[in-house]
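Structural features, examined
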Amino acid sequence: MDGPACRACRGRTGHLVLDLGEQPACDYFPRSDDPGPDPVYPLQMWLCSLCGLAQLVADPTVPEEPRGAEPAALVAQAAEAVDRVAAAGLLPDGHRVVEYGSPHGGSWLGLLAQRGVRPVHGGGPAEVVLDCFGLMHAADQSAALAERAARVAPGGVLLLQYHSLGTIIRCGQWNTLRHGHYGYYSAPALTAMLAVHGFGAVTAWRFELYGGTVLLAARREADGADGPDGPMRSLLAEDIRVGVRDPAVLGGLQRDAEARAKGLHDWLVAERSSGRTVLGYGAASRAVALLRRAGVDRSLMPAVVDASPAKQGLRMPGTDIPVVGPAQLAARKPDAVLLFLADLLQAVRAAHPELEAGGGG
Ligand SMILES: [Zn+2]
């Protein structure tokens, strides 16, 4: 099959494994009086047969989501990760660090400085080169990894944190696919990508964030690095077992997406037919593709409630549903509330005891 050129190895052999159709930029919320239509772009995931990297196909120019308040879960995870890496002896006092961060926030520099590991200014080398959800934002994966590898001082370590493709498969997280996120990593794919730059994965730590994230440590082969240790080997084996390189397994995400969209659409139609009102809660970027796949407009869901003042007066991208403030929950008295972020459940129940949140398939 003739495909796009792989963002990592430039190979052209691979499979389109997930196609969410034409989608708006999921972090561009227009004003609610902007009638649209919003610009849309194909949203597709392709799996390279050569290096195994799952990746975004199209490369539209989309506005980058600004750094916002860092979710508490991200902050807690960073502290836990720094503790575990330090316990492995990889963060000695006096080491230098280069951080490649994510545009969504989550810097480790403050935590590292407390341990005497300080950033290098300018383009110099460092004993610790850290990438925390940054690499996925690079359209040219090969160039981005080469840049990071080149910054690793002799004997140093490259730390890569990523949301695991194995998790995406196991949890059916098809809506992880979004514009601006170019790479969806597995341990086997990253191992292949690192080998090109003379690096080998030596160990990995796993975290519960987003259902399962991995922090992988790699060293330069020329430094006489040890091979993968037990946890690294078990991660590689587990990823292969889950099917991270199997296009048929990844194709299951397409079925997950279609089932979820159909379930939501049918439920909202049934609720409307029985005269019941359903509001959404959480104007999250990950809700955008679902609402659009499910063909949900304000006739099915009159509003999405969001506590962020910055989102008041806006509407969901790609549909006509306005974003409204939490006061509207009391004013509109919906019969059900559909949470777009499961981790908001406790917070919403606490703030609005009058509600019993409903699920939408
Ligand atoms: Zn490739």
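Let me sum up the structure you'll find in this document. (Residues numbered from 1 in each chain as written. Predicted model: local features only at pLDDT ≥ 70, side-chain atom pairs only at ≥ 80, totals over all residues. Heavy atoms only, no water.)

**Considerations on helix α1 (residues 72–87)**
For α1, with 16 residues, the first-to-last C-alpha span of 23 Å sits near the 22 Å given by 1.5 Å per residue. Those residues of α1 that sit buried are Leu74, Gln77, Ala78, Ala81, Val82, Val85 and Ala86. All buried residues of α1 project into a common sector of 160 degrees when viewed along the axis, lining one side. When the buried face of α1 is taken as reference, the exposed residues oriented beyond 90 degrees from it are Ala72 and Ala87. Buried-residue contacts for α1 involve α2 (109–113), β7 (152–163), β9 (199–207) and β10 (213–220). Trailing α1 by a residue or two, Gly89 shows a phi angle of about 80 degrees, which is positive. (Helix = DSSP H or I, 4+ residues; strand = E, 2+ residues; numbered from the N terminus. Expected span 1.5 Å × (residues − 1). Buried < 20%, exposed > 50% of the residue type's maximum accessible area, 1.4 Å probe, protein only. Arc of directions from axis to C-beta. Contact = heavy atoms within 4.5 Å.)

**What to know about unusual backbone geometry**
In this structure, the amide linkage connecting Gly36 to the following residue, Pro37, adopts the cis form with an omega of 0 degrees. Inspection of the secondary structure assignment puts Pro37 in the loop between β1 (14–24) and β2 (40–48). At Tyr210, a residue that is not glycine, the phi angle is positive and equals roughly 55 degrees. Take Tyr210: it is sitting in the loop between β9 and β10. Tyr210 sits in the partly exposed class, given a relative accessible area of 37%.

**Overview of the environment of Leu109**
Residue position: Leu109 is located in helix α2. Overall, Leu109 belongs to the partly exposed group, its relative accessible area being 25%. Spatially, the C-alpha atoms of Leu109 and Leu130 are 9.7 Å apart, while their sequence positions differ by 21 residues.

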